[in-house]
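A look at the structure
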Amino acid sequence: MFPIDQNLQDGQGAESVKAAVAAAIAGRVGRFDGGVLLVAVSKTRPIGDIKHAFLNGLRHFGENYVQESVEKITALADLRIDQVDGIIQWHLIGPLQSNKAKLAATHFDWVQTVAGEKIANLLHASRVSRTKLCRRSSESVVPFG
């Protein structure tokens, strides 16, 4: 666990969090793995906190309740428009029920938890071109669809 809130409040921004992640990776595996993506779990955070984190360098945010996330995603839609340092990206990180697949596919950029073929097919049928689905292999997360 890294104290993201404290670092952002101290004005250090996301770079200090990324540096702490890189140091932890280097300490555990003996090298820096540039393939690690920092996703800030924002599921309990208000819209203002998410915008503050974005303005301090974070770009990827994870939510696990589809319906509750739509309000945040809609309120922060202006951050999807080209920004100098990249646009906001939303990750669905929790379990997904089949009746919420279409809503998830139209609002999230990434769906990290595809629990089966039925959900994958529903997401694929409902997705917009920017939505990426992920399947987990034993070694890594592999984008597909």
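Computed from a prediction, not measured in an experiment: that's the story for all the values here. (Residues numbered from 1 in each chain as written. Predicted model: local features only at pLDDT ≥ 70, side-chain atom pairs only at ≥ 80, totals over all residues. Heavy atoms only, no water.)

The subject of this paragraph is the environment of serine 126. With respect to the helices and strands, serine 126 occurs in helix H6 (residues 117–126). Distance in space between the C-alpha atoms of serine 126 and alanine 101 is 7.5 Å, their sequence separation being 25 residues. Each residue touching serine 126, except ones within four places of it in the same chain, is listed here: Lys102, Ala105 and Thr106. (Helix = DSSP H or I, 4+ residues; strand = E, 2+ residues; numbered from the N terminus. Contact = heavy atoms within 4.5 Å.)

Looking at where arginine 59 falls in the secondary structure, it is placed in the loop between helix H3 (47–55) and strand E2 (60–63). The class for arginine 59 is buried, based on a relative accessible area of 15%. A polar contact is formed between the side chain of arginine 59 and the backbone oxygen of phenylalanine 54, at a distance of 2.5 Å. Each residue touching arginine 59, except ones within four places of it in the same chain, is listed here: Phe54, Asp85, Gly86, Ile87, Ile88 and Gln89. (Buried < 20%, exposed > 50% of the residue type's maximum accessible area, 1.4 Å probe, protein only. Polar contact = N/O pair within 3.5 Å; in protein donor to acceptor, adjacent residues only side chain to side chain.)

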